[in-house]
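Structure at a glance
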Amino acid sequence: MLGVLALSLPIVGMLIDMPWAQVPEILTSETAMQALGVSLRTVAISTLICVLLGVPLAVFMSGLNGKGGELLRIGVTIPMVLPPVVAGLALLSTFGKRKLLGEQLSLLGIDIAFSATAVVMAQVFVAMPFLVTSLEASLRSNRTSHAQISATLGASPSYTMFNVTLPMMMPALVSGTALAAARCLGEFGATLTFAGSLEGRTRTIPLAIYLQREVDPDTALALALVLLVLAVIVVSLTARGRVVSRPS
């Protein structure tokens with residue numbers, strides 16, 4: 001009971017403090033709509049990139065064994081445990097205007113830091129490991145049974161991939177993608193450090209909540225409600241993915 005209270009009581013307190021009568025007006029305000037627009041655009045692009053890059057990486061990692069595979073898994077997991085501000089500093093040190101790669105890109109007229117592109121890169125950096133680790137774990141648990149049986153029966157690697165591996169990993173892919181999208185949506189520290197908080201360009205919902213909590217707490221609470229609802233949806237998707245993937 002104490003554990004349940006520790007996890008649920010803060011959410012209950014926020015809901016009690018929520019200015020319910022003003023929520024529709026607040027969420028349709030210019031400040032809220034701009035932050036929501038930036039978040040939805042960047043999260044959609046970031047999630048797509050996470051899937052395009054993360055799925056092949058997870059498939060590759062699932063076939064690795066030994067020290068090489070272990071080192072790669074550690075490397076992929078590091079962004080998950082890095083403090084967000086450190087992640088932002090790492091990106092800024094690499095892609096800043098006068099930094100490792102940023103200086104070369106600047107010569108081509110490409111400035112990444114403090115732009116919408118920086119928001120996407122920060123979200124991908126911190127979110128893709130969630131997709132990769134969950135999908136890779138599912139692939140490793142199923143590869144030795146179904147994929148090897150398919151190969152033993154004479155199926156080609158491409159047939160096994162598209163007719164055995166991909167259908168079996170769909171529940172894990174759905175839940176992993178949902179987790180990555182939620183992490184993108186909630187990203188704060190790396191975004192603030194690498195992309196700044198430019199209204200209408202890089203100011204996402206978490207950044208707007210941070211800025212509004214002192215000057216307009218009601219707006220901050222209403223924006224927090226949006227993230228809470230989306231979090232519930234993500235949890236439902238991940239729970240459904242675990243149920244579907246459970247062997248009968």
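Reference entry: report on the structure contained in this document. (Residues numbered from 1 in each chain as written. Predicted model: local features only at pLDDT ≥ 70, side-chain atom pairs only at ≥ 80, totals over all residues. Heavy atoms only, no water.)

**Regarding the overall build of the chain**
Which entries qualify depends on this criterion: Numbering of helices and strands runs from the N terminus, with a helix taken as a DSSP run of H or I at least four residues long and a strand as a DSSP run of E at least two residues long. To be clear on the numbers: accessible area is Shrake-Rupley with a 1.4 Å probe, and residue cover counts the displayed protein chains and nothing else. In this count, Lys and Arg are taken as positive residues and Asp and Glu as negative ones, while His and the chain termini are left out. The location of each charge is read from NZ of Lys, CZ of Arg, CG of Asp or CD of Glu.
Counting secondary structure elements, the chain contains eleven helices and zero strands. Helices (α) and strands (β) of the chain occur, in sequence order from the N terminus, as α-α-α-α-α-α-α-α-α-α-α. With the C-alpha coordinates aligned to their principal axes, the bounding extent of the chain is approximately 65 × 55 × 30 Å. About 13,700 Å² of surface is accessible on the chain, with carbon and sulfur atoms providing 69% of the total. Each charge sign in the chain was given a centre, from 15 positive and 12 negative side chains, and these centres are 14 Å apart.

**Considering the nonpolar core**
Which entries qualify depends on this criterion: In this description, a nonpolar core means a group of buried Ala, Val, Leu, Ile, Met, Phe, Trp, Tyr and Cys residues linked to one another through side-chain atoms lying within 4.5 Å. Partly exposed describes any residue whose relative accessible area lies between the buried limit of under 20% and the exposed limit of over 50%, with all areas from a 1.4 Å probe on protein chains only and scaled to the type maximum. In what follows, a contact means two residues having at least one pair of non-hydrogen atoms within 4.5 Å.
The biggest cluster of nonpolar side chains holds 21 residues, and the ones touching the most others in it are C50, V55, V132, L135 and L139. The biggest single contributor to this core is helix α7 (residues 116–152), with eight residues. Not counting chain neighbours up to four residues away, the residues in contact with L139 comprise A58, V59, S62, T165 and M169. Counting eleven residues, the second largest nonpolar core, distinct from the first, contains I112, A113, V119 and A190.

**Quick notes on the side chain of S46**
Spelled out, the test is: Polar contact is the term for a pair of N or O atoms within 3.5 Å; when the atoms are in protein, one must be able to donate a hydrogen and the other to accept it, and sequence-neighboring residues count only if both atoms are side-chain atoms.
Examined against the element boundaries, S46 turns out to sit in helix α3 (residues 30–62). On the basis of relative accessibility, which here comes to 0%, the residue S46 falls in the buried class. Among the polar contacts listed, one links the side chain of S46 to the side chain of Q123, at a separation of 2.7 Å. Setting aside anything within four residues of it in sequence, one finds S46 in contact with V120, Q123, V124 and C184.

**Examining the packing of α3 against helix α4 (residues 66–81)**
Quick note on the threshold: Fitting a line to C-alpha atoms yields each axis, with helices limited to the stretch in contact; the angle taken between N-to-C directions then spans 0 to 180 degrees. For classification purposes, an angle smaller than 35 degrees is called roughly parallel, one larger than 145 roughly antiparallel, one from 65 to 115 roughly perpendicular, and anything else oblique. By convention, the crossing between two helices is left-handed when the near helix turns anticlockwise from the far helix through less than a right angle, and right-handed when the turn is clockwise. Lys, Arg, Asp and Glu make up the charged group, whereas Ala, Val, Leu, Ile, Met, Phe, Trp, Tyr, Cys and Pro make up the nonpolar group; the residues left over, Gly among them, are polar.
One can describe the packing of α3 onto α4 by two numbers: an axis separation of 10 Å at closest approach and a directional angle of 150 degrees. In terms of orientation, α3 lies roughly antiparallel with respect to α4. Remark: the crossing between α3 and α4 carries left-handed chirality. In this structure, α3 uses L57, F60 and M61 to contact α4, whose residues at the interface are L72, R73 and V76. Broken down by class, the residue content of the contact of α3 with α4 amounts to five nonpolar, no polar and one charged.

**Considering the state of the cysteines**
Formally: Only a pair of cysteine sulfur atoms within 2.5 Å counts as a disulfide in this structure description.
Taken as a whole, this structure holds zero disulfides when the rule is applied. Cysteine C50 shares no disulfide, and the gap to the nearest cysteine sulfur, in C184, comes to 4.7 Å. By relative accessible area, C50 is classed as buried at 0%. According to the relative accessible area criterion, C184 is buried, its value standing at 1%.

**Observations concerning helix α8 (residues 157–186)**
Rule in force here: Expected span of a helix: the number of residues minus one, times 1.5 Å. Each residue is assigned a bend, namely the angle between axes fitted to the seven residues that terminate at it and the seven residues that start at it.
Helix length check: α8, at 30 residues, gives a terminal C-alpha distance of 38 Å against a target of 44 Å (1.5 Å per residue), a shortfall beyond 12%. Its axis deflected by about 45 degrees at M170, α8 carries its strongest bend there, up to four residues before the proline P171.

**Section: the environment of S115**
Here S115 lies in the loop between α6 (102–107) and α7. When the C-alpha atoms of S115 and I209 are compared, they prove to be 19 Å apart, with 94 residues separating the residues in sequence. Once you skip the residues sitting within four places of it in the chain, S115 turns out to touch A195, R201 and T202.

**Thoughts on the packing of aromatic side chains**
The description of two aromatic rings rests on the distance between their centres and on the angle between their planes. The cut-off we apply is this: Stacked, edge-to-face and tilted are the three classes for Phe, Tyr and Trp ring pairs, Trp counted by its six-membered ring, which pair at centre distances within 6.5 Å; planes under 30 degrees apart are stacked, over 60 edge-to-face, the rest tilted.
By the definition in use, this model includes one aromatic pair. A ring pair is formed by F188 and Y210, whose centres lie 5.2 Å apart and whose planes are at 55 degrees; its orientation type is tilted. With F188 in the loop between α8 and α9 (189–195) and Y210 in helix α10 (residues 205–215), this pair connects stretches of sequence that are 22 residues apart. By relative accessible area, which is 40% here, Y210 ends up partly exposed.

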